[in-house]
Protein chains: 2
Amino acid sequence: MAKVPQKLQIIPLGGLGEIGKNMTVVRVDDEILVIDAGLMFPDDDMLGIDLVIPDISYLLENRDIIKAIVLTHGHEDHIGALPYVLKQLNVPVYGTKLTLGILEGRLKEKNVDASGLIPVKPGDIINLGCFSVGFIRVSHSIPDAVGLSIKTPVGTIVHTGDFKMDYTPVDGKMTDFRRFSELGNRGVLLLMSDSTNAERPGHTPSERTVGVAFDKVFHNAKNRIIIATFSSNVHRIQQAIDTACQYKRKVAVLGRSMINVVNISLELGYLTVPEGVLIDIDEINNYPMSQVVIVTTGSQGEPLSALTRMSMSDHRKVGIVPGDTVIISATPIPGNEKLVSRTIDNLLKQGAEVIYEKSKGIHVSGHASQEELKLMYNLIHPRFFMPVHGEYRHLIKHAKLVQDLGMPKHNIFISDNGQILEFTRDKGTVAGKVTAGNVLIDGLGVGDVGNIVLRDRRQLSQDGILIIVVTMDKDQGCVAAGPDIVSRGFVYVRESEALMDEAKEKVKTALEKCEENNITEWATIKANIRDALGRYLYEKTRRRPMILPIIMEI
Amino acid sequence: MAKVPQKLQIIPLGGLGEIGKNMTVVRVDDEILVIDAGLMFPDDDMLGIDLVIPDISYLLENRDIIKAIVLTHGHEDHIGALPYVLKQLNVPVYGTKLTLGILEGRLKEKNVDASGLIPVKPGDIINLGCFSVGFIRVSHSIPDAVGLSIKTPVGTIVHTGDFKMDYTPVDGKMTDFRRFSELGNRGVLLLMSDSTNAERPGHTPSERTVGVAFDKVFHNAKNRIIIATFSSNVHRIQQAIDTACQYKRKVAVLGRSMINVVNISLELGYLTVPEGVLIDIDEINNYPMSQVVIVTTGSQGEPLSALTRMSMSDHRKVGIVPGDTVIISATPIPGNEKLVSRTIDNLLKQGAEVIYEKSKGIHVSGHASQEELKLMYNLIHPRFFMPVHGEYRHLIKHAKLVQDLGMPKHNIFISDNGQILEFTRDKGTVAGKVTAGNVLIDGLGVGDVGNIVLRDRRQLSQDGILIIVVTMDKDQGCVAAGPDIVSRGFVYVRESEALMDEAKEKVKTALEKCEENNITEWATIKANIRDALGRYLYEKTRRRPMILPIIMEI
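Residues numbered from 1 in each chain as written. Chains lettered and ligands numbered in written order. Predicted model: local features only at pLDDT ≥ 70, side-chain atom pairs only at ≥ 80, totals over all residues. Heavy atoms only, no water.

(A) Structural context of the domain arrangement of chain A. When the domains of chain A are assigned, the result is domain 1 (8-202 + 365-442), domain 2 (208-358) and domain 3 (451-553). One C-alpha centre belongs to domain 2 of chain A, the other to domain 3 of chain A, and the line joining them spans 53 Å. (Domains from an automatic or database assignment.)

(B) Broad picture of the UniProt feature "binding site: Zn(2+) 1" (unreviewed entry) in chain A. All names here are of chain A. Taking the UniProt record as the reference, the feature "binding site: Zn(2+) 1" (unreviewed entry) is found at His73, His75, Asp77, His140, Asp162 and His389. Their sequence span is 317 residues, while the largest C-alpha to C-alpha distance among them is just 13.8 Å; these annotated residues converge on one region. Inspection of the secondary structure puts histidine 73 in the loop between strand E5 (66-70) and helix H2 (76-79). Here histidine 73 falls in the buried class, since its relative accessible area comes to 0%. In this view, histidine 73 contacts Asp36, His78, Ile79, Thr99, His140, Ile142, Ala145 and Asp162; residues no more than four positions away in its chain are not counted. Residue class for aspartate 162 comes out buried when judged on its relative accessible area of 2%. In contact with aspartate 162, other than residues within four places in its own chain, are His73, Asp77, His78, Val138, Ser139, His140, Asp194, His367 and His389. (UniProt positions renumbered as here; feature names shortened; annotations may be inferred. Helix = DSSP H or I, 4+ residues; strand = E, 2+ residues; numbered from the N terminus. Buried < 20%, exposed > 50% of the residue type's maximum accessible area, 1.4 Å probe, protein only. Contact = heavy atoms within 4.5 Å.)

(C) Summary view of the interface of chain A and chain B. Each partner contributes residues to the interface: chain A has 66 residues there, and chain B has 66 residues. When chain A packs against chain B, the two sides together hide about 5,400 Å² of surface, and 59% of this comes from carbon and sulfur. Viewed at the interface, chain B and chain A are joined by twelve salt bridges. For the salt bridge of aspartate 448 of chain A with arginine 543 of chain B, the shortest nitrogen-to-oxygen distance reads 2.7 Å. For the pair chain A and chain B, the interface holds 21 residue pairs in polar contact (both at pLDDT 80 or more). If you list the elements that add at least two residues to the side of chain A that touches chain B, you get helix H10 (337-349), helix H12 (392-404), helix H13 (451-463), strand E24 (465-473), strand E25 (478-488), helix H15 (522-541) and strand E26 (546-553) of chain A. (Buried area = accessible area lost by both parts, 1.4 Å probe. Salt bridge = Lys/Arg side-chain N within 4 Å of Asp/Glu carboxyl O. Polar contact = N/O pair within 3.5 Å; in protein donor to acceptor, adjacent residues only side chain to side chain.)

(D) Main features of helix H11 (residues 370-380) of chain B. All names here are of chain B. Within the span of H11, buried status applies to Gln370, Glu372, Leu373, Met376, Tyr377, Leu379 and Ile380. Looking at the buried residues of H11, the elements they touch are strand E11 (156-159), helix H5 (177-186), strand E12 (190-194), strand E19 (384-388) and helix H12 (392-404). Phi for histidine 381, located one or two positions after H11, is positive at around 30°.

(E) Summary view of the relation of the copies chain A and chain B. Superposition of chain A onto chain B requires a rotation of 180° combined with a translation of 0.0 Å along the rotation axis, giving an RMSD of 0.0 Å. Overall, the copies show the geometry of a two-fold rotation axis. Minimal C-alpha distance to the rotation axis in chain A is attained by serine 461 of chain A, lying at 2.4 Å. Interface overlap between copies is the fraction of interface residues in one copy that are interface residues in the other; for chain A against chain B it reaches 100%, indicating a shared surface. (Least-squares fit on C-alpha atoms with pLDDT ≥ 70 in both.)

(F) Region of interest: the sheet that holds E25 of chain A. All names here are of chain A. A sheet is described by the order of its strands in space; here three strands give the open sequence E25-E24-E26, paired in mixed fashion. Of all the strands in the sheet, just E25 and E26 have a single pairing partner and so form its edges. This sheet shows a mean twist of 15° between the axes of neighbouring strands, independent of strand direction. Here eight bridges tie E24 to E26, and the two strands are oriented parallel to one another. (Pairing = 2+ DSSP bridges. Axes fitted to C-alpha atoms, helices over the stretch in contact; angles between N-to-C directions.)

(G) Structural context of the pairing of strand E8 (residues 125-128) of chain A. Residues and elements named next belong to chain A. Residues of E8 alternate between two faces, with Ile126 and Leu128 buried on one and Ile125 and Asn127 left unburied on the opposite face. Two strands pair when backbone bridges link them, and E8 and strand E9 (residues 131-138) are joined in this way by four bridges, in the antiparallel orientation. By the bridge assignment, isoleucine 126 is partnered in E9 with valine 133. Linking E8 back to E9 in an antiparallel pair, the connection comprises two residues, with glycine 129 at a positive phi of about 65°.

(H) Seen up close, the UniProt feature "binding site: Ca(2+)" (unreviewed entry) in chain A. When the UniProt feature table is mapped to this numbering, "binding site: Ca(2+)" (unreviewed entry) covers Gly48, Asp50 and Asp442 of chain A. Maximum C-alpha separation among the annotated residues is 6.6 Å over a sequence range of 395 residues, consistent with a single clustered spot. Tracing the backbone through its elements, the reader meets glycine 48 of chain A in the loop between strand E3 (31-35) and strand E4 (51-54). You can call glycine 48 of chain A buried: its relative accessible area is 6%. Residues contacting glycine 48 of chain A, with those up to four places away along its chain left out, are Asp442 and Arg457 of chain A together with Ser461 and Gln462 of chain B. Residue placement: aspartate 50 of chain A occurs in the loop between E3 and E4. Each residue touching aspartate 50 of chain A, except ones within four places of it in the same chain, is listed here: Phe41, Pro42, Ile441, Asp442 and Gly443 of chain A.

(I) Representation of the state of the cysteines within the structure. For the structure on display, the rule yields zero disulfides over all chains. A disulfide-free cysteine, cysteine 478 of chain A has its sulfur positioned 13 Å from the sulfur of cysteine 514 of chain A, the nearest such atom. (Disulfide = S-S within 2.5 Å.)

(J) Highlighting the sheet that holds strand E23 (residues 445-446) of chain A. Residues and elements named next belong to chain A. Spatial strand order, E4-E22-E23: three strands in an open sheet with antiparallel pairing. Looking at which strands have only one partner, the edges of the open sheet turn out to be E4 and E23. Direction of pairing for E4 relative to strand E22 (residues 438-442): antiparallel, over a ladder of four bridges. Note that in E22 the partner of isoleucine 53 across the bridge is valine 439.

And the structure:
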């Protein structure tokens with residue numbers, strides 16, 4: 001009996017052409033596996049939006065054939081959408097211990113059932129329908145990160161997860177090259193690889209080099225040392241603690257997310273701290289300044305974070321003391337550069353010494369640079385290649401890298417969110433699109449803020465609003481009260497009385513004209529008010545506030 | 001007759017602790033000289049603001065003793081406030097030919113009298129009251145830039161302007177080291193030096209290296225070449241044109257500000273273009289793609305610029321053709337990183353090859369790095385030192401640099417906008433403050449948008465507005481019509497009817513309560529509505545829209 005050749009479909013729902021909201025569908029006939037479910041932080045023009053998650057309409061339409069969600073690691077851009085996804089989909093979620101530990105906390109915060117979380121270890125292989133999923137240890141800027149091997153009837157996929165090649169990892173656990181090599185030898189159909197640092201030549205330095213840099217700083221610091229880093233970077237925190245121990249300093253942890261991650265990590269064994277080293281923030285004044293280290297949030301200049309508050313003398317418990325040494329152990333994520341600069345300036349103004357330059361070695365990336373990407377490619381030597389986890393230029397660069405290594409251009413696929421890539425053993429093609437995009441989350445609202453609301457917020461943010469209220473007498477067909485004009489965000493009214501008085505006159509004139517011409521339809525009256533007032537205000541101020549006529553009827 | 005020792009006062013009104021709105025007052029007794037009058041681009045939280053200029057209250061209070069404004073060069077952050085300043089102050093303005101040429105255009109745009117502009121040449125010395133001002137050629141990213149020597153009865157000040165040390169300048173005109181050295185030998189009281197690149201070790205590469213980089217790109221480019229750069233960077237444009245000529249390509253200029261500057265530069269002789277090389281943008285299709293170069297605005301991803309429009313297929317005259325080579329000959333100004341990335345991605349999506357990495361050598365800074373700053377300091381070897389033109393960390397770094405060269409810490413002054421530094425021949429002290437700060441310009445309004453308006457715009461931008469209108473019957477003392485609720489920027493109303501209905505009920509209840517308790521004062525009624533509705537909406541949505549109750553009376 002001739003069998004219809006099975007097709008493997010790869011459908012990204014997020015993470016391509018953007019950094020954030022990673023989520024990929026792997027489908028063979030009637031079985032779906034989902035890799036990751038992340039969130040993305042809003043762009044500057046997404047006013048008032050808290051976060052962005054992938055549109056999962058496709059998954060909801062196919063809910064019955066989803067076998068599981070498998071997670072590569074515990075960063076927000078890989079797990080952050082799950083509290084929302086799991087409210088709508090009841091599927092098992094597989095991840096490593098730390099990944100699920102962090103996820104559990106998020107689910108609890110949002111009152112979502114955490115019972116479908118199934119822990120796996122690097123090296124495990126799980127059968128999920130026609131998929132045989134292997135979890136392969138990789139080094140990243142959070143412990144317990146894995147890449148995936150997904151064996152399907154059509155062929156084997158390797159997904160690197162977020163990775164780097166670190167030959168001296170802080171916890172002694174290296175990227176499992178041998179497993180990747182073994183898979184490559186057996187034959188891999190498709191490699192999906194992390195493009196974040198594809199623009200960077202060379203090799204990302206080992207996490208251990210930061211420990212060396214810390215040592216140099218600690219050696220010279222006379223007073224307190226404050227280290228700001230990403231709360232998820234447990235190896236960085238480990239090195240901070242190790243160096244503190246070397247220099248016989250106590251360590252206090254500051255910032256809610258930092259405290260959370262440190263606690264989970266201690267509980268699950270990802271952080272090792274000798275007895276008596278960790279102290280509460282309230283105890284720091286019990287020790288000489290030369291014996292204190294504070295590990296804190298705020299490395300991105302986040303307005304409500306501990307370090308930012310300290311820099312503005314706005315933290316309830318800790319301030320900056322002249323002579324403090326502050327290490328910004330991170331680089332600004334694109335978009336955060338001004339926030340970070342501002343924090344650095346504020347810390348300097350308070351008399352702190354601030355160490356933030358890349359050249360000081362106090363931060364390294366968690367993503368592979370070009371030489372490591374070439375190594376991964378060569379270990380796997382796949383049939384087909386798909387760069388993932390990057391903005392367009394990262395994907396392009398990664399594709400070019402791999403092309404230079406000999407992969408034919410037609411076997412390289414630069415895909416897009418929602419695009420279906422279909423593979424057989426021999427061929428890969430673009431095979432259509434599914435619904436994909438952004439779901440905006442504002443407060444408790446999921447997806448209720450769309451383009452219209454955002455457009456209105458933009459206009460309001462630029463030039464404010466003028467509200468014109470008129471009460472019309474229905475029977476008499478004329479104005480009973482008003483027009484009254486109220487403005488917000490437009491001008492400082494006390495200084496602009498003449499302008500507002502004149503504006504009122506323009507509205508009166510427009511209303512009179514409507515009466516003269518027997519215009520009674522509200523929509524038309526409002527349009528006339530809007531036109532007359534808009535023209536006048538633009539002429540006088542070159543601004544275009546929102547103009548909102550409201551008609552009350554008595 | 002014992003004479004009271006004269007005091008030299010240096011009072012920055014802008015440019016310290018920020019990059020932008022440079023303006024410095026030099027005062028000896030009853031004579032004032034002003035150095036530069038620049039604008040600053042608004043921060044992200046200055047919603048709807050077009051630009052920021054210095055608060056010149058101090059100058060208006062002392063208008064009768066201002067001798068002149070002297071300009072260092074034609075960048076916006078040194079001349080951009082003049083259209084506003086000259087509307088309020090009638091003082092002569094001295095500057096080099098190109099500086100005044102650019103300024104004239106700005107003044108014309110704003111209908112400001114340009115008759116008080118007096119051109120000077122590098123090397124000139126002008127006597128202005130007790131000040132003897134020398135204009136000293138420096139290299140910068142715009143031609144005709146100068147530093148200043150200001151001889152006063154107290155001593156000589158040297159102000160570097162914005163500068164670098166370029167030993168192979170494109171126009172053959174070098175920073176006048178010899179003049180700086182001569183001044184240093186005669187004795188300089190105070191050096192005020194450009195701190196922009198004080199964090200960068202080494203030496204800023206010569207502008208000429210960009211020409212070399214251009215050559216490499218032109219050598220490999222098969223089709224059209226598009227070069228985006230700052231419109232004021234005439235030397236960069238010159239090299240683009242020179243390289244185009246070498247490769248027998250025609251050059252079209254795109255973008256209003258680019259066309260303006262090119263025209264002024266051609267007119268005044270700062271740009272040399274052989275006959276027939278420059279073509280109109282409408283003519284480019286008359287030539288094979290391999291013979292076309294387009295020099296354009298948009299290197300900062302500015303939304304309305306030519307290159308950004310082209311990247312979005314939104315330009316009336318030019319689109320991107322697959323195979324185009326685009327050179328982004330600039331680095332993102334802090335804050336613009338995401339805009340630039342977006343443009344690069346869009347260009348790539350359209351099939352262009354984009355060259356943007358710093359390592360490709362297609363851009364160099366116009367500001368001195370550490371070795372050049374040390375050289376300037378050593379040439380001048382002043383009594384006192386004041387780092388200028390930088391954010392706080394730049395000023396700190398520059399101060400540290402100079403301290404390491406031997407200047408005693410107490411002779412180094414890190415000042416602030418509005419702070420008075422007072423010098424005698426032997427001593428420098430902080431001597432109080434004057435009014436200084438930001439004046440925000442929005443459309444035609446100068447300073448009429450202040451903190452309250454901005455605060456309102458911020459709230460509107462995050463969560464929108466709800467307007468509740470009630471018509472009250474004055475005589476009956478009860479509600480005659482309403483409450484009606486209108487919202488903008490809050491939720492998509494069509495999907496949130498239940499929420500809005502419930503909100504209306506909350507308002508009705510609040511109004512009834514007021515009636516029951518005989519509350520007739522509008523302020524109290526409004527406060528009750530605001531509280532009840534605010535609480536309800538936050539509970540349901542975790543959002544805090546502006547709530548604006550309006551009461552009409554009949």
